[in-house]
There are 2 protein chains.
Amino acid sequence: MLITGHLARCCFRVAAKVSTNILFTSLHENVYVQPTLRLGGAERGRQVTATIKDVAREAKVSVASVSRALNGAGGVTPETEKRIREAAARLRYVPHGAARSLITKRTHTVGALMPDLHGEFFSELIRGIDLEARSHGLHLLVSSSHDGAEDAAAALRAMQGRVDGIVILSSPRVDAAFLEANLPDGLPAVLLNSEVKAGAAAVLNIDNFAGTYAMVRHLVGVGHDRIAFVSGPKDNFDARQREAGFRAAMAKLAPGTSLRIVSGDFGESSGYRAGLELLASKVRPQAVFAANDMMAVGCLQAFKEAGIDVPGEIALAGFDDIPIARYVTPPLSTVRVRIAELGKNAMDLLADLINRPGSSAASVHTLGCDIVVRESCGGHRGGTSATTTKKIHRPSNR
Amino acid sequence: MLITGHLARCCFRVAAKVSTNILFTSLHENVYVQPTLRLGGAERGRQVTATIKDVAREAKVSVASVSRALNGAGGVTPETEKRIREAAARLRYVPHGAARSLITKRTHTVGALMPDLHGEFFSELIRGIDLEARSHGLHLLVSSSHDGAEDAAAALRAMQGRVDGIVILSSPRVDAAFLEANLPDGLPAVLLNSEVKAGAAAVLNIDNFAGTYAMVRHLVGVGHDRIAFVSGPKDNFDARQREAGFRAAMAKLAPGTSLRIVSGDFGESSGYRAGLELLASKVRPQAVFAANDMMAVGCLQAFKEAGIDVPGEIALAGFDDIPIARYVTPPLSTVRVRIAELGKNAMDLLADLINRPGSSAASVHTLGCDIVVRESCGGHRGGTSATTTKKIHRPSNR
DNA sequence: TTGTATGCGTTATCAT
DNA sequence: ATGATAACGCATACAA
């Protein structure tokens, strides 16, 4: 829609396979010239990794002393500890994670299981999780990109014995039944964006309901009455919550108004179609609230093509605050989800669950959203708001 | 710049801590009602995970037979195998990864080490890596979000014995010296976006040079002569290559033109400043080529505010093809980097390195780019082009 | 304080 | 075909 296309070769086509390099050279100083460099010391033979035994031999002590010294368990003379540490450093000794976790029962690793996600949401979530994991001394085993339940189940199985806990981002496929069948009993788990309260798992959700509610309140506040809603896919938990929030808000804040809800699928083009459909209505809405930003962007495109002024003739709002929202014309008002914080909180919850088994088990948490008022919804005075994580419900299941 | 602000509360503020839930209920059917659900069978006691011994006992065979049967190593009667499989299924037996890799010397896991990256690039890269890893039967241990060399070194150490190989995305901090000091000798590694050819590691780069060159050719082709360039940070490899490509292209395709290069830092606001600076020039450029899209977007903002028509008065082009590029007005012409493919190729290279040690070692590969012609650079006939990965150089270091 | 010995769960090498 | 047993690298209870 926005782009059209003819082909234009980007790279140099030359006969010889390796000559691209040479061609560059002839054009310019050769950017591919690279410093040759030997890595590591390449000890004799294939001794690629030193073990605790090697260190023990080198330091002329037993493996037990090496273990004690390096783990700070005490019971070792300062001088022998020094000797051991030096030997370890000399040999570039690093404890073998698998071996250690075999006896320790701790992998210091958490898993992240998520559906096939593109873009900002995924990266921000992982970012939040990873940062917090590191601060807890945990590593992150990621398994993303599965649409199928079979994929996800396999990934879950493969994590057995490799993780101390797991963060699971729910999806239509990874639902209650799936978790019941595949989530190992006793494995600390945090469910993100899930409608199930599953066993001992903690649940952390986005406050879609309140976010939508607040946006409706803003729209009503700036004088809009007939607000249409573009809903998301029915099998999506977020989408359902957002629609519920919209219905509740309208019932409360604009009572008596007949609800206008057209369905979309979170995709840009479904938003475009919804926009066209709304324009064709007998009574045109004063504002359109799309259940996510991509659909709002599609709407905007439809309005632009029809020559409708936004927000002059129709106000527009979205949900998510994807980066694009700021850059469309006019900039899109939306509900911001603090994704990295969601990840961070999930990780905190999980760490707690791991360190104090049962502590946060079966608790349900909710992360508030902000609304970001930009130009697309009229009554623009700008700004954002923030709320904090609130514990909603915590049955004493233990 | 684009957003201004007043605060608007998004969530309901109520006195009681837990009452948000109740409030919602009073507004609407309670969206937080969640099905209670017992997970797993909860075998007796704390037997949370069955081991191979349990299966052996259950099937009345030795652990050796269980191992053979489940690994398809042969040497086991169909009926005993059946009995073993049934016992395993009954006990929900899953082999303990750590224990297995201790003896196998294979973790079936690869590490991904990357700097603190936001947005699309990170997510697409991980996506490409993860998808391909899965198809190779490998898992992904991610360690992202370090700016410091110390951070990265610690992450690298922690991967010892937990991964069979590693993909490293270079950054100013993770450079030749860093790798020499920290990359374990003998560990299969693929360096992404790196200017060093390090030991036995394979290197995979984006063809920044050719991408920039092609875009300049396009700009010149549609009649622009005085093309200004907004460069990126000097310590960034991509930025340097792109500038080199620009210089080379201009020298070849627009000889005699005096070069106009203003420096930026890849950030939007530096692009904005560069835009203002260029507008203030005695001789205004016909086209501006920014070393990345964010700077181009900043430029565009500066031009818009100055009332300059794009592409009418000044053409504009960027690099990366971030999602935003399509949505600004006018849509931004740019050089597309196929990031997921980069990740996929890196993973392929690594899998090769793992399975056939030394096979792809010390090879250098380059992934071509596409140019995407949209409206911002004039001469708009639309479209993209694609090139494929080409092997540039492969010393016989083995 | 230090060393010896056992076991973690698995695969591999022998026997039988 | 099957079973006993020795690794794998580490931490730890116990002995010295």
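Residues numbered from 1 in each chain as written. Chains lettered and ligands numbered in written order. Predicted model: local features only at pLDDT ≥ 70, side-chain atom pairs only at ≥ 80, totals over all residues. Heavy atoms only, no water.

Chain A has the name LacI family DNA-binding transcriptional regulator in an unreviewed UniProt entry, where Rhodanobacter hydrolyticus is given as its organism.

Chemist: I'd like a rundown of the overall build of chain A, residues and numbers included.
Modeler: A count of helices and strands for chain A gives 14 helices and 15 strands. For chain A, the exposed surface amounts to about 16200 Å²; the carbon and sulfur share of it is 53%. (Helix = DSSP H or I, 4+ residues; strand = E, 2+ residues; numbered from the N terminus. Areas by Shrake-Rupley, 256 points an atom, 1.4 Å probe, with all protein chains shown as cover.)

Chemist: How would you sum up the protein's contact with DNA strand C? Please name residues and give values.
Modeler: Near DNA strand C lie 28 residues; those nearest to it are Thr-77 and Thr-80 of chain A together with Ile-52, Tyr-93 and Arg-100 of chain B. Put simply, 65% of the atoms of DNA strand C that lie within 4 Å of the protein are in sugar or phosphate. Contact between DNA strand C and Ser-65 of chain A: a phosphate oxygen at 3.0 Å from a side-chain N or O atom of the residue. In this structure, a base nitrogen belonging to DNA strand C sits 2.9 Å away from a side-chain N or O atom of Arg-68 of chain A. Sorting the residues of the surface near DNA strand C by element identifies α3 (63-71) and α5 (97-104) of chain A together with α2 (52-59), α3 (63-71) and α5 (97-104) of chain B as the ones contributing at least two each. (Near = heavy atom within 4 Å. Polar contact = N/O pair within 3.5 Å; in protein donor to acceptor, adjacent residues only side chain to side chain.)

Chemist: Talk me through the environment of Pro-323 of chain A; I want residue IDs and the actual numbers.
Modeler: Inspection of the secondary structure assignment puts Pro-323 of chain A in the loop between β11 (315-317) and α13 (324-327). Relative accessible area serves as the criterion here: at 32%, Pro-323 of chain A is assigned to the partly exposed category. Spatially, the C-alpha atom of Pro-323 of chain A lies 20 Å from that of Lys-304 of chain A, the residues being 19 residues apart in sequence. The contacts of Pro-323 of chain A, once residues within four sequence positions are left out, are Glu-120 of chain A together with Ile-324 of chain B. (Buried < 20%, exposed > 50% of the residue type's maximum accessible area, 1.4 Å probe, protein only. Contact = heavy atoms within 4.5 Å.)

Chemist: Lay out the protein's contact with DNA strand D with the relevant residues and their values.
Modeler: Not every one of the 26 residues close to DNA strand D is listed here, only the nearest: Ile-52, Tyr-93 and Arg-100 of chain A together with Thr-77 and Lys-105 of chain B. Within the backbone of Ser-62 of chain B, a nitrogen or oxygen atom sits 2.8 Å from a phosphate oxygen of DNA strand D. Interatomic distance of 2.9 Å between a side-chain N/O atom of Arg-68 of chain B and a base nitrogen of DNA strand D. Considered class by class, the residues forming the surface near DNA strand D number 13 nonpolar, 9 polar and 4 charged. (Nonpolar A, V, L, I, M, F, W, Y, C, P; charged D, E, K, R; others polar.)

Chemist: Outline the packing of aromatic side chains, supporting the account with residue identities and numerical values.
Modeler: All names here are of chain A. Enumeration according to the criterion identifies 4 aromatic pairs over all chains in this entry. Aromatic ring contacts, followed pair by pair, group Phe-229, Phe-246 and Phe-289 into a single cluster. If you follow Arg-242 out to its NZ or CZ, it ends over the ring of Phe-319, 3.7 Å from the centre. (Phe/Tyr/Trp six-rings, centres within 6.5 Å; stacked < 30°, edge-to-face > 60°. Lys NZ or Arg CZ within 6 Å of the ring centre and 35° of its normal.)

Chemist: How would you explain the packing of α2 of chain B against helix α4 (residues 78-90) of chain B if you had to name every residue and give the values?
Modeler: A packed helix pair is summarised by two numbers, namely the angle formed by the two axes and the spacing between the axes. Residues and elements named next belong to chain B. At a minimum axis separation of 9 Å, α2 and α4 run at an interaxial angle of 125°. Judged on the interaxial angle alone, α4 and α2 are oblique. Along this stretch, α2 crosses α4, giving a crossing that reads as right-handed. Every residue of α4 that contacts α2 at Val-55, Glu-58 and Ala-59 is listed here: Arg-83, Ile-84, Ala-87, Ala-88 and Arg-90. Grouping the constituent residues of the contact of α2 with α4 by class yields 5 nonpolar, no polar and 3 charged. (Axes fitted to C-alpha atoms, helices over the stretch in contact; angles between N-to-C directions. Parallel < 35°, antiparallel > 145°, perpendicular 65-115°, else oblique. Left-handed = near helix turned anticlockwise from the far one by under 90°.)

Chemist: Requested: an account of the pairing of strand β4 (residues 165-169) of chain B, with residues and values cited.
Modeler: Residues and elements named next belong to chain B. The buried count for β4 comes to 5 of 5 residues, which makes it a mostly enclosed element. Taking every second residue as pointing to the same face, both faces of β4 are buried, with Gly-165, Val-167 and Leu-169 on one and Ile-166 and Ile-168 on the other. In the sheet, strand β2 (residues 109-115) pairs with β4 via 4 bridges, with the strands oriented parallel. Counterpart to Ala-112 in the pairing with β4 is Val-167. For β4 and strand β5 (residues 189-192), the ladder comprises 4 bridges, and the chain directions are parallel. Its bridge partner lying in β5, Ile-166 is registered against Ala-189. One crossover worth recording links β4 to the parallel β5 by way of helix α8 (residues 176-182), and it is right-handed. (Pairing = 2+ DSSP bridges. Right-handed = clockwise from strand over helix to strand, strands pointing away.)

Chemist: Residue-level account of the environment of Leu-156 of chain B, with values.
Modeler: Residues and elements named next belong to chain B. Locating Leu-156 in the fold gives a position in helix α7 (residues 149-158). Placed 26 residues apart in sequence, Leu-156 and Asn-182 show a C-alpha to C-alpha distance of 7.1 Å. When neighbours within four sequence positions are excluded, Leu-156 is seen to be in contact with Leu-113, Ile-166, Ile-168, Phe-178, Asn-182 and Leu-183.

Chemist: Please give an account of the UniProt feature "domain: HTH lacI-type" (unreviewed entry) in chain A that cites residues and values.
Modeler: Mapped onto the present numbering, the UniProt feature "domain: HTH lacI-type" (unreviewed entry) falls on residues 50-104 of chain A. The distance from the first to the last C-alpha atom of residues 50-104 of chain A is 20 Å, and the span holds 69% helix and 0% strand. (UniProt positions renumbered as here; feature names shortened; annotations may be inferred.)

Chemist: Outline the sheet that holds strand β8 (residues 227-231) of chain A, supporting the account with residue identities and numerical values.
Modeler: Residues and elements named next belong to chain A. Strand order in this open sheet of 4 strands is β9-β8-β10-β11, and the pairing throughout is parallel. Of all the strands in the sheet, the pair left with one neighbour each is β9 (260-263) and β11. Taking each pair of neighbouring strands and ignoring which way they run, the sheet shows an average axis angle of 20°. Relative to strand β10 (residues 287-290), β8 is paired through 4 bridges, and the arrangement is parallel. Directly across from Ile-227, in β10, lies its bridge partner Ala-287. Against the sheet, helix α9 (residues 208-221) makes contact with β8, β10 and β11, and its axis sits at roughly 170° relative to β10, the strand it touches most. Set on the sheet, helix α10 (residues 237-253) makes contact with β8, β9 and β10; between it and β8 the angle comes to about 165°.

Chemist: Go over the environment of Ile-314 of chain B with me, naming the residues and quoting the values.
Modeler: Residues and elements named next belong to chain B. By the secondary structure assignment, Ile-314 is in the loop between α12 (293-305) and β11 (315-317). A relative accessible area of 0% means that Ile-314 is categorised as buried. Distance from Ile-314 to Thr-107, taken between C-alpha atoms, is 55 Å for residues 207 residues apart in sequence. With sequence-adjacent residues up to four places away left out, Ile-314 is seen in contact with Leu-279, Arg-284, Pro-285, Gln-286, Ala-287, Val-288, Phe-303, Ile-308, Asp-309 and Ser-376.

Chemist: Mind laying out unusual backbone geometry, listing which residues take part and the relevant values?
Modeler: At the junction of Thr-329 of chain A and Pro-330 of chain A, the peptide bond is cis and its omega measures out at -10° in the coordinates. One can find Pro-330 of chain A in the loop between α13 and β12 (334-336). At the junction of Val-310 of chain B and Pro-311 of chain B, the peptide bond is cis and its omega measures out at 5° in the coordinates. Residue position: Pro-311 of chain B is located in the loop between α12 and β11. For Asn-193 of chain A, which is not glycine, the phi torsion reads 60° and is therefore positive. Counting through the fold element by element, Asn-193 of chain A comes out in the loop between β5 (189-192) and β6 (197-198). Classification of Asn-193 of chain A as buried rests on a relative accessible area of 12%.

Chemist: Quick rundown of the nonpolar core? Include the residues and the values.
Modeler: Residues Phe-289 of chain A together with Phe-289 and Phe-303 of chain B are the most contacted members of the largest nonpolar core, which totals 163 residues. Take this core: its biggest share by element is 9 residues, from helix α14 (residues 339-355) of chain B. If you look at the next biggest cluster of nonpolar residues, it comprises 40 residues, including Ala-155, Leu-156, Val-163 and Leu-191 of chain A. (Core = buried A, V, L, I, M, F, W, Y, C linked by side-chain atoms within 4.5 Å.)

Chemist: Explain the pairing of β9 of chain A to me, using residue names and the numbers behind them.
Modeler: All names here are of chain A. Inspection of the sheet shows β8 paired to β9 by 4 bridges, in the parallel sense. The residue bridging Val-230 from the neighbouring strand is Val-262, located in β9. In this fold, β8 hands off to α10, which returns the chain to β9; that crossover is right-handed.

Chemist: How would you sum up helix α11 (residues 268-279) of chain A? Please name residues and give values.
Modeler: The end-to-end C-alpha distance of α11 of chain A, which contains 12 residues, comes to 17 Å, matching closely the 16 Å that a straight helix rising 1.5 Å per residue would cover. Three or more residues of α11 of chain A are buried, namely Glu-268, Ser-270, Gly-271, Tyr-272, Ala-274, Gly-275, Leu-278 and Leu-279 of chain A. At its buried positions, α11 of chain A is contacted by β8, β9, β10 and α12 (293-305) of chain A together with α13 (324-327) of chain B. (Expected span 1.5 Å × (residues − 1).)

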